Amino acid sequence: MKIAVIGTGYVGVTTAASLGELSHEIMGVDIDKEKIRKLKLGTLPIYEPGLEPLLQQLLKDGALQFTTSIQEAVDFADIIFIAVGTPSLPNGEPNMTYVEQVAKEIGRTVRHDKIVVNKSTVPVGTADRVKELILHEMKAREIEANIDVVSNPEFLQEGKALQDAREPQRIVLGCSSEVATEKMLGVYAALEAPKIVTTPRNAEMIKYASNAFLATKISFMNELARLCDRLNVDITEVAKGMGLDQRIGDHFLKAGIGFGGSCFPKDVSALCSMGNQAHMEMSILQHVQEVNFTQPNWFVEQMSKIMNGLHGKKVALLGLSFKPETDDIREAPSLKLIPKFLELGAFVMAYDPIVNDKVKERFSEIIVTEDPYEAVSQSDAIVLCTEWRMFLEIDWRRVKELMEDNYLFDGRNVLNPKEMRKVGFSYWGVGRRL
Ligand code: UGA
């Protein structure tokens, strides 16, 4: 099939490459000329394991091409995926400007029947709105053609995007016609995942409900971890005991310094806004946000209590991205911790295997090093902020020797407390009492 993917951000590029791998002919589109120039040369604008070699292979095979012209892409494709961003507005609602602009552009350029697919995470009712915008533009040009708008949310996790695209746990197809259903089943025919065919509105809600539920699990565990800390209970043991119950499952039960990224915070807010507009109070989700918002403060308070204040202390942050295997720092817990440390008069050193300049630009007061051992050198405390594999394998004895004092705060509960204590650290994890 001939497919256009509009938007070459994280979702767009992964979608384009993974559909290319399914033997479709793909054209990626973006208005950003520099990005398209780089993509044509096989250079990814983001860090995502395995994606760049695949991109280069598909370019070489001629299965994937890029353009800045929507007209060219609309003429080329039978199926057009919209994969542009829907970032949060200050009031928590998603900013729909980019999706709406793309819909209008499609309406201004389309000449024949098309299937338009929303990959972007969008509020319930957006498929109808996109169709309306396209038809409105077509009417002004006196063009008649069948336009079907499908909601096909993506469930990729950054850092594991390619694996998720190759082995999806489900494919949700919100279709309003048989033609669209048949075509969309054809797009994914080579994948064995369960395919849920439903209405566009249901599909739109499935995406928000999934992300909000996962975020709820995390905030639930984070709140419980605070109680465990008080009651001398270990949250990781509790999670192990809970997770063996298949009704609960053992994923997303890791307590820590809170969830970040471009999806959970934005999507929980968007669902609350949808509730507001429908005059429904989303009280559970409001609390999920509240716990996530206060978790970094609580973490710093515990540090401060344990260390008798942070004024004049040197704190070394290990990891800055919102999670491992990505260079994404959107809503990263590190960005919430740094201002708190500075406010309390601490000196901050930081290291991340990939993220560097973006954080330096934001906080001129901190020192971001090129080497983890340099970051911890002469520090009083270490905060493990992002569980990059290299931190699990680091020479902790050497780290300890380089430090001034011996506090180790594990913001992700990934280190072995007993081993760390044996090395000589004063170890503290989030709700860990082992
Ligand atoms: C999330 C969803 O997991 C994807 O299914 C979805 O497609 C994506 O959003 C999206 O809407 O685009 P992502 O934001 O890449 O994916 O990251 P996750 O791996 O879900 O992690 C989100 C945050 O939760 C991270 O900060 C992570 O450290 C934190 N987390 C995760 C915890 O604190 N505890 C856990 O047990 C799991």
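Up top is the structure.
Residues numbered from 1 in each chain as written. Predicted model: local features only at pLDDT ≥ 70, side-chain atom pairs only at ≥ 80, totals over all residues. Heavy atoms only, no water.

1. Re helix α11 (residues 264-277)
Okay, so step 1: Counted at 1.5 Å a residue, the expected span for α11 with its 14 residues is 20 Å, and the 20 Å between its end C-alpha atoms agrees.
Okay, so step 2: Along α11, twelve of the 14 residues are buried, which leaves the element largely enclosed by surrounding structure.
Okay, so step 3: Considered for burial, the residues of α11 that qualify are Phe264, Pro265, Lys266, Asp267, Val268, Ser269, Ala270, Leu271, Cys272, Ser273, Met274 and Gly275.
Okay, so step 4: Residues of α11 that are buried sit in contact with α9 (200-231) and α12 (283-306).
Okay, so step 5: Trailing α11 by a residue or two, His279 shows a phi angle of about 55°, which is positive. (Helix = DSSP H or I, 4+ residues; strand = E, 2+ residues; numbered from the N terminus. Expected span 1.5 Å × (residues − 1). Buried < 20%, exposed > 50% of the residue type's maximum accessible area, 1.4 Å probe, protein only. Contact = heavy atoms within 4.5 Å.)

2. Thoughts on the site of the ligand
Okay, so step 1: The environment of the ligand is formed by 19 residues, the closest being Glu154, Leu156, Glu158, Lys207 and Asn211.
Okay, so step 2: In the environment of the ligand, an oxygen atom lies 3.2 Å from a nitrogen or oxygen atom belonging to the side chain of Arg412.
Okay, so step 3: Relative to its free-state accessible area of 720 Å², the ligand is covered by the protein chains to the extent of 93%.
Okay, so step 4: The set of elements that each furnish at least two residues to the shell around the ligand consists of α9 and α11.
Okay, so step 5: Take the shell around the ligand: its biggest share by element is three residues, from α9.
Okay, so step 6: Class assignment of the residues belonging to the shell around the ligand gives a composition of nine nonpolar, three polar and seven charged. (Near = heavy atom within 4 Å. Polar contact = N/O pair within 3.5 Å; in protein donor to acceptor, adjacent residues only side chain to side chain. Areas by Shrake-Rupley, 256 points an atom, 1.4 Å probe, with all protein chains shown as cover. Nonpolar A, V, L, I, M, F, W, Y, C, P; charged D, E, K, R; others polar.)

3. So, the packing of α9 against helix α10 (residues 235-243)
Okay, so step 1: Packing of α9 against α10 brings their axes to within 10 Å, and their N-to-C directions diverge by 130°. One finds that α9 runs oblique with respect to α10. For the pair α9 and α10, the sense of crossing is right-handed. Only Ile235, Val238, Ala239 and Met242 of α10 make contact with α9, whose side of the interface consists of Phe220, Met221, Leu224, Ala225 and Cys228.
Okay, so step 2: Taken together, the residues of the contact of α9 with α10 break down into nine nonpolar, no polar and no charged. (Axes fitted to C-alpha atoms, helices over the stretch in contact; angles between N-to-C directions. Parallel < 35°, antiparallel > 145°, perpendicular 65-115°, else oblique. Left-handed = near helix turned anticlockwise from the far one by under 90°.)

4. Observations regarding the side chain of Thr86
Okay, so step 1: Note on placement: Thr86 falls in the loop between β4 (79-82) and α5 (97-109).
Okay, so step 2: Separated by 2.9 Å, the side chain of Thr86 and the backbone oxygen of Thr121 make a polar contact.
Okay, so step 3: One polar contact links Thr86 to Lys266, side chain to side chain, over a distance of 3.3 Å.
Okay, so step 4: Excluding residues that lie within four positions of it along the chain, Thr86 makes contacts with Pro94, Asn95, Met96, Val99, Ser120, Thr121, Val122 and Lys266.

5. Thoughts on the pairing of strand β8 (residues 195-198)
Okay, so step 1: When strand β7 (residues 171-174) meets β8, the two strands line up parallel, connected through four bridges. Each bridged residue has a counterpart across the sheet, and for Ile171 the counterpart in β8 is Lys195.
Okay, so step 2: The handedness of the β7 to β8 crossover, carried by helix α8 (residues 178-187), is right-handed. (Pairing = 2+ DSSP bridges. Right-handed = clockwise from strand over helix to strand, strands pointing away.)

6. A few points about the packing of aromatic side chains
We describe a pair of aromatic rings using the distance from one ring centre to the other and the angle between the two ring planes.
Okay, so step 1: Taken as a whole and judged by the stated rule, the model has nine aromatic pairs.
Okay, so step 2: Note on Trp298 and Trp428: the rings are 5.7 Å apart at their centroids and 45° apart in plane angle, and the pair reads as tilted. Of the two residues, Trp298 is situated in helix α12 and Trp428 in strand β14 (residues 426-429); the sequence distance between them amounts to 130 residues.
Okay, so step 3: Considering the side-chain rings of Tyr351 and Phe391, the 6.1 Å spacing of their centres and the 75° angle between planes classify their relative orientation as edge-to-face. Here the residue Tyr351 occupies a position in strand β10 (residues 347-351), and Phe391 occupies one in helix α16 (residues 389-392), the gap between them amounting to 40 residues. (Phe/Tyr/Trp six-rings, centres within 6.5 Å; stacked < 30°, edge-to-face > 60°.)

7. Examining the sheet that holds strand β12 (residues 381-384)
Okay, so step 1: Pairing within the open sheet is parallel, and its six strands lie in the order β11-β10-β9-β12-β13-β14. The open sheet is flanked by β11 (367-368) and β14, the only strands paired with a single partner.
Okay, so step 2: Sheet analysis places β10 next to β11, joined by two bridges and oriented parallel. What sits directly across from Met349, in β11, is Ile367.
Okay, so step 3: The strands touched by helix α13 (residues 333-343) within the sheet are β9 (314-318), β10 and β12, with β9 carrying the most contacts at an inclination of about 175°.

8. Quick look at a negative patch on the surface
Okay, so step 1: Taken together, the side chains of Asp357, Glu361, Glu370 and Glu374 make up a negatively charged region of the molecular surface.
Okay, so step 2: Within the secondary structure, Glu370 sits in the loop between β11 and α15 (372-376).
Okay, so step 3: A relative accessible area of 58% means that Glu370 is categorised as exposed. (Patch = residues over 30% accessible without salt bridge, like charges linked within 9 Å, V, L, I, M, F, W, Y side chains within 5 Å. Salt bridge = Lys/Arg side-chain N within 4 Å of Asp/Glu carboxyl O. Lys, Arg positive; Asp, Glu negative; His and termini not counted. Charge placed at Lys NZ, Arg CZ, Asp CG, Glu CD.)

9. Side note on the pairing of β14
Okay, so step 1: As paired elements, strand β13 (residues 407-410) and β14 share four bridges and run parallel to each other. From the neighbouring strand, Asp410 faces β14, where its bridge partner is Gly429.
Okay, so step 2: On the question of chirality, the crossover connecting β13 to the parallel β14 by way of helix α18 (residues 417-423) is right-handed.

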